[in-house]
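Remarks on the overall topology
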Amino acid sequence: QVQLVESGGGLVQAGGSLRLSCAASGRTFSSNSMGWFRQAPGKEREFVARISSGGGTTTYADSVKGRFTISRDNAKNTVYLQMNSLKLEDTGVYYCAVRTRTGYTSSSPLNYDYWGQGTQVTVSS
């Protein structure tokens, strides 16, 4: 049993910033890559960012490159997503996930078996 809890979402004006956190309990995931995904109403869940087990390698969706930064603190079993220069199109529910498979690219949700409940991010104006 693995539990992931996202926090830090909220309402923010365009151009503002938010910092999301994802805390894992029940297990440690220092040997697993972690990812952030998001989903807008009526849209498919899409990849946002991924970080390797040791934090040395990061991957970002083209839509967030240069604006978002993913990081992790393995001692705290926590992964973060710093979001700057937020745009209206960044609105959605953001999910944290644990990568458990290597049969697909790092951006594929098929590689992730453990998911949090999500946290809402709404960008206005």
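That block above? That's the structure.
Residues numbered from 1 in each chain as written. Predicted model: local features only at pLDDT ≥ 70, side-chain atom pairs only at ≥ 80, totals over all residues. Heavy atoms only, no water.

1. Brief notes about the overall build of the chain
- A count of helical and extended segments in the chain gives zero helices and 11 strands.
- Ordered by position from the N terminus, the helices and strands of the chain form the series β-β-β-β-β-β-β-β-β-β-β.
- Computed over its C-alpha atoms, the radius of gyration of the chain comes to 13 Å, within 12% of the 14 Å expected for a compact globule of 125 residues.
- Principal-axis analysis of the C-alpha atoms places the extent of the chain at approximately 40 × 25 × 25 Å.
- Across the chain, the fraction of contacts at a sequence separation of at least 24, relative to all contacts at a separation of at least 6, is 55%. (Helix = DSSP H or I, 4+ residues; strand = E, 2+ residues; numbered from the N terminus. Rg over C-alpha atoms; globule rule 2.2 N^0.38 Å. Contact = heavy atoms within 4.5 Å.)

2. Quick look at the side chain of Ser-21
- Position of Ser-21 relative to the elements: it lies in strand β3 (residues 18-25).
- Once residues lying within four places of it in the same chain are set aside, the contact partners of Ser-21 are Val-5, Glu-6, Ser-7, Trp-36, Thr-78, Val-79 and Tyr-80.

3. Notes on the state of the cysteines
- Summed over the entire model, instances satisfying the criterion amount to one disulfide.
- Here Cys-22 pairs with Cys-96 through a disulfide, and the sulfurs are 2.2 Å apart. Residues Cys-22 and Cys-96 share a disulfide whose torsion about the S-S bond is about -80°; that sign makes it left-handed. Here Cys-96 lies in strand β9 (residues 92-99) and Cys-22 lies in strand β3, a separation of 74 residues in the sequence. In this pair, the class of Cys-22 matches that of Cys-96, namely buried. (Disulfide = S-S within 2.5 Å. Buried < 20%, exposed > 50% of the residue type's maximum accessible area, 1.4 Å probe, protein only.)

4. Looking at the sheet that holds strand β1 (residues 3-7)
- Reading across the sheet, the four strands line up as β1-β3-β8-β7 and stay open at both edges, with antiparallel pairing between neighbours. Each edge of the open sheet is held by one strand with a lone partner, namely β1 and β7 (68-73). Pairwise comparison of adjacent strand axes, ignoring direction, gives a mean angle of 15° for this sheet. (Pairing = 2+ DSSP bridges. Axes fitted to C-alpha atoms, helices over the stretch in contact; angles between N-to-C directions.)

5. With respect to the nonpolar core
- Membership of the largest hydrophobic core comes to 31 residues, with the highest contact counts inside it found for Trp-36, Leu-81, Met-83 and Tyr-94.
- Of all the elements in the fold, those that place two or more residues in this core are β3, β4 (34-39), β5 (46-51), β7, β8 (78-83), β9 and β11 (119-124).
- Ignoring sequence-local partners within four residues, the contact set of Tyr-94 consists of Glu-6, Leu-20, Trp-36, Phe-37, Arg-38, Val-48, Phe-68, Leu-81, Met-83, Gly-118, Thr-119 and Val-121. (Core = buried A, V, L, I, M, F, W, Y, C linked by side-chain atoms within 4.5 Å.)

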